[in-house]
Amino acid sequence: MLTERLKHYGRLIRFERPIGTLLLLWPTYWALWIAAQGFPGWKLLIIFSLGTFLMRSAGCAINDIADRKVDGHVERTKLRPLATGAISVKEALGVFGCLLFLAFLLVLQLNVLTVGFSLLAVVLAASYPFMKRYHHWPQVYLGIAFAWGIPMAFTAIQNQPPPLAAWVLLAANVAWTTAYDTMYAMCDREDDLKIGVKSTAIIFGEYDRLMVGVLQVATVGLLVWAGHLADLNFWFWLSLVVALGFFGYQQYLIRHRERWLSLQAFLNNNWVGLVLFIGIVLSYSLP
């Protein structure tokens, strides 16, 4: 019985699907390395890695609570444990609360300024799932939530308000997240139109591919600015070229707006985050 409950809780937090954690983790790692101008130390690396996993998992739990009445009508989400009744709302709230408590214990190991920034992170994570009911820009809101680890990384290392480089990096991540989450939303567009859920994929309409492309170009432009501010070297610029190649491949995948190819394009962004992280690490490791 306990094993079965834990299995459902694991599905609630998408334990078997780490892509969300990875997409949240890469920008946080970018910020940690830039803020420290190299390896940030094992303590901060472990705290931010575990914190990222916990906050993403909490976000999944509250998302499924918010969407429990609509997930059953969407092909991609109809088997989620709350949608099928495998677990109760009370159980899901318990999981959400436990995850937030563990994340709070982690952030208490950091300075007061970072603890203050973490409070907004909780607000963003808890409120994001409800945005799709009120406006067509939940992907932008998610981008801010996913990027909030960036200023936190800077405050944790420098113990002062984040510099311009942190905010430019945050803006780049908002543009990137909006682009890849729009591709993700393209998978559900037909179902979302039927049930009244809002998204950028819907408001962009026939210009969805164009707008994703504009956001990808904006991401690269902002990363160029952040790279100059951080004085990164050849390895970072090379990683940006590779990232551009991945963006081009994603455009190819979504050319016919097929549901599962759009999902593949979304998943491909893990490689974008990884290659940029490698470029930043090598910038501080090699001349």
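Treat the numbers as computed from the prediction; the structure is a model and nothing was measured. (Residues numbered from 1 in each chain as written. Predicted model: local features only at pLDDT ≥ 70, side-chain atom pairs only at ≥ 80, totals over all residues. Heavy atoms only, no water.)

Participant: Go over the side chain of asparagine 270 with me, naming the residues and quoting the values.
Facilitator: Its place among the elements puts asparagine 270 in helix H15 (residues 269–285). Residues contacting asparagine 270, with those up to four places away along its chain left out, are Ile19, Leu22, Leu23 and Trp26. (Helix = DSSP H or I, 4+ residues; strand = E, 2+ residues; numbered from the N terminus. Contact = heavy atoms within 4.5 Å.)

Participant: Account for the environment of valine 89, with residues named and values stated.
Facilitator: Mapped onto the elements of the fold, valine 89 is located in helix H5 (residues 89–107). For the pair valine 89 and isoleucine 65, spaced 24 residues apart in sequence, the C-alpha to C-alpha distance is 6.4 Å. If we skip the residues at most four places from it in the chain, valine 89 touches Ile65, Arg68 and Leu82.

Participant: Tell me what's going on with helix H8 (residues 149–158), and back it up with residues and numbers.
Facilitator: Most of H8 is tucked away: eight of the ten residues are buried. If you check which residues of H8 are buried, you get Gly149, Ile150, Pro151, Met152, Ala153, Phe154, Thr155 and Ala156. Here the buried face of H8 lies against helix H2 (19–36), helix H3 (42–66), H5, helix H6 (112–131), helix H7 (138–147) and helix H9 (164–186). (Buried < 20%, exposed > 50% of the residue type's maximum accessible area, 1.4 Å probe, protein only.)

Participant: Any chance you could break down the environment of lysine 198 for me, citing the residues and the numbers?
Facilitator: Tracing the sequence through the fold places lysine 198 in the loop between helix H10 (189–195) and helix H11 (200–204). It is 8.4 Å that separates the C-alpha atoms of lysine 198 and methionine 131, two residues lying 67 residues apart in sequence. If we skip the residues at most four places from it in the chain, lysine 198 touches Lys132, Arg133, Tyr134, His135, His136 and Pro138.

Participant: Provide a residue-level description of the packing of aromatic side chains, including the pertinent values.
Facilitator: Counted according to the given criterion, the structure contains 17 aromatic pairs. For the ring pair tryptophan 26 and tyrosine 29, a centre distance of 6.1 Å and an interplane angle of 75° mean the geometry is edge-to-face. Of the two residues, tryptophan 26 and tyrosine 29 both sit in helix H2, three residues apart, roughly one turn of that helix. A relative accessible area of 10% means that tryptophan 26 is categorised as buried. With relative accessibility at 12%, the residue tyrosine 29 sits in the buried group. Taken together through their ring pairs, the aromatic side chains of Trp26, Tyr29, Trp33, Phe39, Trp42 and Phe277 make up a single cluster. Its end group placed over the ring of tyrosine 252, arginine 255 keeps NZ or CZ at 3.8 Å from the ring centre. (Phe/Tyr/Trp six-rings, centres within 6.5 Å; stacked < 30°, edge-to-face > 60°. Lys NZ or Arg CZ within 6 Å of the ring centre and 35° of its normal.)

Participant: Provide a residue-level description of the nonpolar core, including the pertinent values.
Facilitator: Membership of the largest hydrophobic core comes to 89 residues, with the highest contact counts inside it found for Trp30, Phe48, Leu169, Leu223 and Leu276. Apart from residues no more than four positions distant in its own chain, phenylalanine 48 is found in contact with Leu25, Thr28, Leu32, Leu110, Gly149, Met152, Ala153 and Ala156. (Core = buried A, V, L, I, M, F, W, Y, C linked by side-chain atoms within 4.5 Å.)

Participant: Got a sec to walk through a nonpolar patch on the surface? Specific residues and values, please.
Facilitator: There is a patch of nonpolar side chains on the surface, built from Phe101, Leu102, Phe104, Leu105, Leu108 and Leu119 and spanning about 550 Å² of accessible area. Mapped onto the fold, leucine 119 is located in helix H6. (Patch = residues over 30% accessible without salt bridge, like charges linked within 9 Å, V, L, I, M, F, W, Y side chains within 5 Å. Areas by Shrake-Rupley, 256 points an atom, 1.4 Å probe, with all protein chains shown as cover. Salt bridge = Lys/Arg side-chain N within 4 Å of Asp/Glu carboxyl O.)

Participant: I'd like to hear about the pattern of salt bridges, residue by residue, with values.
Facilitator: Taken as a whole, this structure holds eleven salt bridges when the rule is applied. The salt bridge partner of arginine 80 is aspartate 71, with a shortest N-O separation of 3.5 Å. Arginine 189 is the partner of aspartate 208 in a salt bridge, and the nearest nitrogen-oxygen pair spans 2.8 Å. Residue aspartate 208 is found in helix H12 (residues 208–229), and its partner arginine 189 is found in helix H10; the two are separated by 19 residues along the sequence. By relative accessible area, which is 0% here, aspartate 208 ends up buried. Connected via shared salt-bridge partners are Arg14, Asp64, Asp71 and Arg80.

Participant: Explain the side chain of serine 127 to me, using residue names and the numbers behind them.
Facilitator: Within the secondary structure, serine 127 sits in helix H6. Residue serine 127 is classed as buried on the basis of its relative accessible area, which comes to 16%. In this structure the side chain of serine 127 is engaged in a polar contact, spanning 2.6 Å, whose partner is the backbone oxygen of valine 123. At 2.5 Å, the side chain of serine 127 forms a polar contact with the side chain of tyrosine 141. (Polar contact = N/O pair within 3.5 Å; in protein donor to acceptor, adjacent residues only side chain to side chain.)

Geometric values such as these leave the question of function open.
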